[in-house]
Amino acid sequence: MQRRNFLSLGLSGLFGQVLGKSNGNIIKNTPIVISTWEHGVDANKAAWEVLSKNGRALDAVEIGVKVSEADPKITTVGYGGYPDRDGRVTLDACIMDEHSNCGSVAFLEHIMHPISVARLVMEKTPHVMLVGEGALDFALKNGFQKQNLLTPEAEKAWKNWLKDAKYEPIINFENNHDTIGMLALDAQGNLSGACTTSGMAWKMHGRVGDSPIIGAGLYVDNEVGAACATGVGEAVIRTVGSHLVVELMRQGKSPEKACKAAVERIMKRFKGFEKIQVGFLALNKKGEFGAYCIQKGFNYAVYSQKINNQLFDGKSAL
Ligand code: SD4
């Protein structure tokens, strides 16, 4: 077990980790929330506040990922996110509920909580997706404040990057702080999911990744399960990864096996997969969860009555 896991677990966590792994992550668990990477632990705490009071999974995932969006230390999501090659922070996010309602924003600037704008797109418009200026106008008209999201630290990192200005995405960027994807199953047995990111650091201005694309970065089917993705979005979009994971669960695969098959699909189709990371996380209708990724180092946080908000290491192909 890695040191950070050990430190964050405590005794009940350790028990849960063994339990989780020895059963191949097939613990019946309702409600439950799972989310990508180590910062998922703090996000899960906020989501659990909702779920443990019999709240709706949709509210839980929105409230949960907002924690990461507002944290300036997380340089891959929301405020404090690293900018594109022109020094502009542009955000992508989407949300999906148990009725297959979904909302999304992409290439959105100046708004700290793109996930809440995505939810409003879902609830207040006839559309699924708003981008760029249109998404910003919509947010401002609905009471969101315009903010500078480029922190001094992120600006410094960008200026440093400009010296070479090479676009070479780093595997497991920033010590396991990356896009947050969160999936929840509530006490009523309903699933929802959310995904939010500042995208790949130093991307071209205007680039949109998988995270706001329903089916790629996130997919929820309340009859079957939910899945989300992290890593190089271009590879995820090409395989419509999260939708693929859900469809594989529909065919009877466990969450982990479904994620593994989706990762293998990417490795078969994506030249140069050895140099990139993609990780999938999945939760089915029974509260079983699992993950799989290309490279070692992907982890995810799980919070339920039985599992005390602990980190699991995703199994990897390489
Ligand atoms: C993107 N998938 O914009 C996001 C980035 C990410 O872990 O998830 N990094 O392509």
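Higher on the page you've got the structure.
Since we're looking at a predicted model, the values are computed, not measured.

Criteria and thresholds
Residues numbered from 1 in each chain as written. Predicted model: local features only at pLDDT ≥ 70, side-chain atom pairs only at ≥ 80, totals over all residues. Heavy atoms only, no water. Salt bridge = Lys/Arg side-chain N within 4 Å of Asp/Glu carboxyl O. Helix = DSSP H or I, 4+ residues; strand = E, 2+ residues; numbered from the N terminus. Phe/Tyr/Trp six-rings, centres within 6.5 Å; stacked < 30°, edge-to-face > 60°. Buried < 20%, exposed > 50% of the residue type's maximum accessible area, 1.4 Å probe, protein only. Contact = heavy atoms within 4.5 Å. Patch = residues over 30% accessible without salt bridge, like charges linked within 9 Å, V, L, I, M, F, W, Y side chains within 5 Å. Areas by Shrake-Rupley, 256 points an atom, 1.4 Å probe, with all protein chains shown as cover.

In the structure shown here, the tally under the stated rule is 16 salt bridges. Between Lys 45 and Asp 42 there is a salt bridge whose closest N-O contact spans 3.5 Å. Taken together, the residues span about one helical turn, with Lys 45 and Asp 42 both in helix H2 (residues 40-51) at a distance of 3 residues. The shortest N-O distance in the salt bridge between Arg 250 and Glu 247 comes to 2.7 Å. Taken together, the residues span about one helical turn, with Arg 250 and Glu 247 both in helix H9 (residues 241-250) at a distance of 3 residues. Through salt bridges that share partners, Asp 59, Glu 62, Arg 119 and Glu 123 make up one connected network.

Here we take up the packing of aromatic side chains. In total, this model carries 8 aromatic pairs according to the counting rule given. Ring geometry for Trp 161 against Trp 202: centres 5.4 Å apart, planes inclined by 15°, an arrangement best described as stacked. A residue pair is termed long-range when its members are at least 10 positions apart, and Trp 161 in helix H6 (residues 152-162) and Trp 202 in the loop between strand S6 (191-197) and strand S7 (218-221) qualify at 41 residues. The burial state of Trp 161 is the same as that of Trp 202; both residues are buried.

Right, let's get into unusual backbone geometry. Residue Ser 100 is not a glycine yet carries a positive backbone phi of 65°. Among the structural elements, Ser 100 can be located in the loop between strand S2 (91-96) and strand S3 (102-108). Even without being glycine, Phe 107 reaches a positive phi, approximately 55°. Along the chain, Phe 107 turns up in strand S3.

What follows deals with helix H4 (residues 114-124). Burial within H4 is extensive, with 9 of its 11 residues counted as buried. Where H4 is buried, its residues contact helix H3 (57-70), S2, S3, strand S4 (129-131), helix H5 (132-141) and S6.

A cluster of nonpolar side chains, contributed by Val 128, Met 129 and Val 131, occupies part of the molecular surface with about 230 Å² of accessible area. As for its placement among the helices and strands, Val 128 is situated in the loop between H4 and S4. According to the relative accessible area criterion, Val 128 is partly exposed, its value standing at 38%.

Spatial relationships are all this shows, so hold off on functional conclusions.
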